[in-house]
Amino acid sequence: MSDLGQVVTFYSFKGGVGRTMAVANVAYMAASNGLRVLAMDWDLEAPGLAYYFRGHLSPAEQASLRARPGVLDLAWDWHEHARSARRSSDVNALVARARDPQTFEACVATLIPPSRLDGEGTLDLIGAGAASRPGRSPELYEEALMQLSWQSFFAEEAGGQLIDGLRDWARSAYDLVLIDSRTGFADVAGVCTMQLPDTVALCFILNRQNVEGVAKVAAAIGATRGDEVTLRLAPMRLARSDTREEADAKAWARQELREVGGLSPALFDEGMERLGVRSADGVPFYESLAAFIPPDPLVDVLSLNYLSLASAIVGRRLTMQPIDPDWRELVRRRLEPTLATPAYVRDLLTAEPTRAAQELKALITAAVGQTERLEPEYLAALTETAFELWEGGQDEAENLTDDLLGELVDLLHAHAKDDPAPLRDLLVETVERYREMVHPHDSVEAEIAELVELDALYPREPTSPRSALVQAGLKRSLSRAHVARGDYDQALNAANSAMHLLKGHHQAPLNDDRFAMAVVDTLRLIGRISSVRGDVHAAIEAFTSALQEVQAWTTTGPYFDRVALDLHSQLAILLTEYDPTRAAEHAIIAIEAPSWRSGAFVSRLERMADAVMSPADTERYAQRFARGLLTLASRRSAGLPLNTRNPAAASAVTLAAARVAPALGPNDKDILAKLAMEILRMWSQILSRHEAHARSVLLDGAPQDALRQLAAICADFGLDDHAESLANLSSRAVTPSDDRPAHGDG
């Protein structure tokens, strides 16, 4: 070939004749024979050239290809710069852009790695344009296409210089440039058939619309460009054997193309013999290069037809290159409707995080775009991997946007709507994770509406232990939403429904404690709702049952300890009036427990102290509670809420201490002294850091009264210095400079 490459446009007057498939296959045949090939997708209204190479690109590469600028981006950038040009220097800079190779190189994407091709062969693409243009207006490809005026582009903005620059660059960088043209008589079709090409391959099938259309276009090209553009005829979907009907159609087409298009019968005959593509059986519904479909393309009619067409276009004989079996299998696997296997998707969790996120994003996008129903196992793999990667950290999941995860949830909704049974459990679990991690509901009403919709997917009775577990979790979420709205009757009904679902499968042979934990969570929820509704006996029954479940657990750990602690503290308060001894026992267990205390637990300290003051043996319980309170107050690390920055926690300890101190006996002086010193230390440290807030808490009245009460009790025990410091603190006489207790560490 010459030093400059050849630009060949494939044009058809109508769509659906096989033009794009011909471009893709000719590009591959030429590149596999060592030519540097560039394909350009100028069918801007319906771009599709890249689809034929999906099997040759990883999901991440496909995503990159969709985001890469293309023909429309080149035209739009030129339009914007031309419109903003005010000085001659602006115009000169614009012209320089059309002569700068980097302007066009930025749009180039590799379709097949050179290592897969013969010798120096390359196969690149300039696509129609990026799917979106973030941060620019218009942002979407479709909007940019509608707003761009090609008439103004050429007549007012000198856009022809950009097209000339593109042509010159492409011819200097490649041996063969193939253009997939727009159909009809559109402006873009004129660019592809008049300004860009050295050769135009007129693609058509043997019907009246197609033949008359290409005949008129051939005439227009001849009148405008004369001999500067070579015309070739590339008939498509020819019958594999001659028929009387096709022979008549050929005779009429030969005459029409000669009389209207000015094309010689010899050119027509060459097209039928060398450039024609015959119909073939067994062509898959998805876009693929012909040579990758049959086991042996050397005996495949379609592959051989494209090889002959490519040879005629290039001007020399090309040969069918062998295809590595592993490569063929990889392409086939990628072209399956799901684009990957569930195992491949799950393996992304162990891949390099950025690449994994990019590939997963591409897979989700492909799944959302599928018109066929996807397998539940594949949807589960996509969902689980996406959320695991999201939970792994925002840096790793930077390609997994909120909207993309939302599309995944919508995809599950759509599949579950048609056939809920295989997907409802996955859908419910996914929605809960999505709402918790990514996008909470805008309102309680919206949350309830979604939960009711999900609940409607289930039959009255669960069909499996897992479904019972998931649906019970759904009912609990619904119950909590009703609590947030203040509808406690509906909340209790939902919680009781969850308990009913779990009862039938409570002894299910699972490998973990999920059922036991679900039962306990449900009973705790019933207990809290009953307590708010004033049904104390029902609350006590629920909390007691939950505690029995916890005590039967074989698993241990912080979570289980915290649940037990919460239940003991709740029962201590509720049983005070009905069973004082049991209430005191629960209070002692709770205060002496070594596990972490929540803010809710600390807020119950005063009422728990009341519980130990009810039984007959008050002094013994008060002593144990005071020791536990001392241990709790002195534990200022380990993540406890009782720290030096928490006036509310200091207030809770102070109030609880004032409750039990009157019941301490003569032998408890040391306990009282140490407890008083811890309370003084807590307030002193808080005042030194957050004086205004701490003093506002003290002004509340109850903490002041408790400090005065503790001061009086210390005085009764002969702890005069402690009594004086507590009295000073209660009267807010302590200042940031002298707020330390006067008597050592106690």
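Residues numbered from 1 in each chain as written. Predicted model: local features only at pLDDT ≥ 70, side-chain atom pairs only at ≥ 80, totals over all residues. Heavy atoms only, no water.

Enquirer: What's the story with the overall build of the protein in this structure? I'm lost.
Expert: Helix and strand counts for the protein stand at 34 helices and eight strands. Here the protein holds 746 residues, and 53% of them are scored as buried. Sequence-distant contacts, at least 24 apart, represent 75% of the contacts inside the protein between residues at least 6 apart. Carbon together with sulfur atoms contributes 48% to the accessible area of the protein, which is approximately 33300 Å² in total. (Helix = DSSP H or I, 4+ residues; strand = E, 2+ residues; numbered from the N terminus. Buried < 20%, exposed > 50% of the residue type's maximum accessible area, 1.4 Å probe, protein only. Contact = heavy atoms within 4.5 Å. Areas by Shrake-Rupley, 256 points an atom, 1.4 Å probe, with all protein chains shown as cover.)

Enquirer: Is there a simple way to explain the nonpolar core in this structure?
Expert: As a rule of thumb, soluble globular proteins bury nonpolar side chains together. Grouped together as the largest cluster of nonpolar side chains are 94 residues, with contacts concentrated most on L605, M608, F625, L629, L672, I679 and L726. It is helix 31 (residues 669-689) that provides the largest number of residues to this core, a total of twelve residues. Contact partners of F625, with chain neighbours within four places excluded, come to A587, I588, I591, L605, M608, A609, V612, A656 and V660. Grouped together as the second largest cluster of nonpolar side chains are 54 residues, V17, A22, L178 and L289 included. (Core = buried A, V, L, I, M, F, W, Y, C linked by side-chain atoms within 4.5 Å.)

Enquirer: Would you take a moment to explain the packing of aromatic side chains for this structure?
Expert: Centre distance and the angle of the planes are the two values used to describe a pair of aromatic rings. Enumeration over the complete set of coordinates arrives at nine aromatic pairs. An angle of 85° between the planes, with centres 5.0 Å apart, marks the rings of F153 and F154 as edge-to-face. According to the relative accessible area criterion, F154 is partly exposed, its value standing at 29%. Geometrically, the ring pair formed by F292 and W327 is edge-to-face, given 4.9 Å between the ring centres and 75° between the ring planes. Residue F292 is found in the loop between strand 8 (277-278) and helix 13 (301-314), and its partner W327 is found in helix 14 (residues 325-334); the two are separated by 35 residues along the sequence. Neither F292 nor W327 differs from the other in exposure class; each is buried. Grouped by ring-pair contacts, the aromatic residues W42, W150, F153 and F154 constitute a single cluster. (Phe/Tyr/Trp six-rings, centres within 6.5 Å; stacked < 30°, edge-to-face > 60°.)

Enquirer: Explanation requested: a nonpolar patch on the surface in the structure shown.
Expert: Taken together, the side chains of L298, V299 and L304 define a hydrophobic patch exposed on the protein surface, amounting to about 280 Å² of accessible area. Overall, the relative accessible area of 34% leaves L304 in the partly exposed class. (Patch = residues over 30% accessible without salt bridge, like charges linked within 9 Å, V, L, I, M, F, W, Y side chains within 5 Å. Salt bridge = Lys/Arg side-chain N within 4 Å of Asp/Glu carboxyl O.)

Enquirer: What exactly am I supposed to notice about the side chain of T193 here?
Expert: Its place among the elements puts T193 in helix 9 (residues 187-195). Given a relative accessible area of 4%, T193 falls into the buried group. Setting aside residues no more than four positions away along its own chain, T193 makes contact with T9, Y11, V200 and I221.

Enquirer: Whenever I open this one, the sheet that holds strand 3 (residues 108-112) confuses me. Can you help?
Expert: Strand pairing in a sheet relies on backbone hydrogen bonds. The paired strands run either parallel or antiparallel. Ordered by their spatial adjacency, eight strands build an open sheet running 3-4-2-5-1-6-7-8, and the pairing between neighbours is mixed. Of all strands in the sheet, those with a lone pairing partner are strand 3 and strand 8, marking the two edges. Where helix 1 (residues 19-32) meets the sheet, it contacts strand 1 (6-12), strand 2 (36-41), strand 3, strand 4 (122-126), strand 5 (176-180), strand 6 (199-204) and strand 7 (230-238), and its direction lies at approximately 165° from that of strand 5. (Pairing = 2+ DSSP bridges. Axes fitted to C-alpha atoms, helices over the stretch in contact; angles between N-to-C directions.)

Enquirer: Teacher, can you tell me more about the side chain of S288 here?
Expert: Positionally, S288 belongs in the loop between strand 8 and helix 13. When residues no more than four places from it in sequence are discounted, the contact partners of S288 are M21, N25, Y52, I293 and L335.

Enquirer: In this structure, what is going on with the packing of helix 10 (residues 208-225) against helix 11 (residues 244-259)? I would like to understand it.
Expert: A packed helix pair is summarised by two numbers, namely the angle formed by the two axes and the spacing between the axes. Relative orientation of the contacting elements helix 10 and helix 11 amounts to 25°, with a least axis distance of 9 Å. Considering their axes alone, helix 10 and helix 11 lie roughly parallel with respect to each other. As helix 10 runs across helix 11, the sense of the crossing is right-handed. From helix 10, R208, V211, E212, V214 and A215 reach across to helix 11, where they touch W252, A253, E256 and L257. (Parallel < 35°, antiparallel > 145°, perpendicular 65-115°, else oblique. Left-handed = near helix turned anticlockwise from the far one by under 90°.)

Enquirer: How should I be thinking about the pairing of strand 2 in this particular structure?
Expert: Regular strands place their side chains on alternate faces of the sheet. Among the six residues that make up strand 2, five are buried, leaving the element largely enclosed by the rest of the structure. The pairing of strand 2 with strand 4 spans five bridges and is classified as parallel. Bridged to R36 within strand 4 is T122. Pairing of strand 2 with strand 5, which is carried by five bridges, proceeds in the parallel orientation. If you follow D41 over to strand 5, its bridge partner there is D180.

Enquirer: Sorry if this is basic, but what is going on with the confidence of the model for the protein here?
Expert: Caution applies to low-pLDDT parts of the model: their predicted coordinates are not meant to be read in detail. On average, residues of the protein carry a pLDDT of 85, and 90% of them reach 70 or more. A low-confidence stretch, residues 636-641 (pLDDT under 50), is modelled with 18 contacts involving residues beyond four sequence positions or located in other chains. Low confidence marks residues 733-746, where pLDDT is under 50. Its contacts with residues over four positions away, or in another chain, come to 23 contacts. (pLDDT = per-residue confidence, 0-100.)

Enquirer: In this structure, what is going on with the environment of L605? I would like to understand it.
Expert: For L605, the location among the structural elements is in helix 28 (residues 605-612). Taking relative accessible area as the criterion, L605 reaches 0% and is therefore assigned buried. Sequence spacing of L605 and T654 is 49 residues, and the spatial spacing of their C-alpha atoms is 9.5 Å. In this structure, L605 is in contact with I591, F625, L629, L632, A652, V653 and A656, ignoring residues within four places of it in sequence.

Enquirer: Explanation requested: unusual backbone geometry in the structure shown.
Expert: Here the phi dihedral of A158 falls at roughly 55°; this positive angle occurs in a residue that is not glycine. Located in the positive-phi region is R237, a residue other than glycine, with phi close to 55°. Here R237 is to be found in strand 7. Judged by relative accessible area, R237 falls into the partly exposed class, the value being 48%.

Enquirer: Can you walk me through the environment of L298 in this structure?
Expert: Here L298 lies in the loop between strand 8 and helix 13. On the basis of relative accessibility, which here comes to 51%, the residue L298 falls in the exposed class. Note: C-alpha distance between L298 and P322 (24 residues apart in sequence) is 9.3 Å. Beyond its immediate sequence surroundings of up to four residues, L298 is in contact with L304 and M320.

Enquirer: Is there a simple way to think about the pairing of strand 4 in this case?
Expert: A large share of strand 4 lies buried, amounting to four of its five residues. Where strand 3 and strand 4 come together, four bridges link them in antiparallel fashion. Residue pairing in the sheet places V108 in a bridge with I126 of strand 4.

Enquirer: What is the right way to read the pattern of salt bridges from this model?
Expert: Overall, the coordinates contain 36 salt bridges when judged by the stated rule. Here R244 ties to D248 by a salt bridge, and the two come within 3.7 Å at their closest N and O atoms. Of the two residues, R244 and D248 both sit in helix 11, four residues apart, roughly one turn of that helix. Residues D705 and R708 are paired through a salt bridge, measuring 3.1 Å at the closest nitrogen-oxygen approach. Placement of both D705 and R708 in helix 33 (residues 702-716) is noted, with a separation of three residues, approximately one turn of the helix. A cluster of three or more residues bridged by salt bridges with shared partners is formed by D521, R524, D566 and R604.

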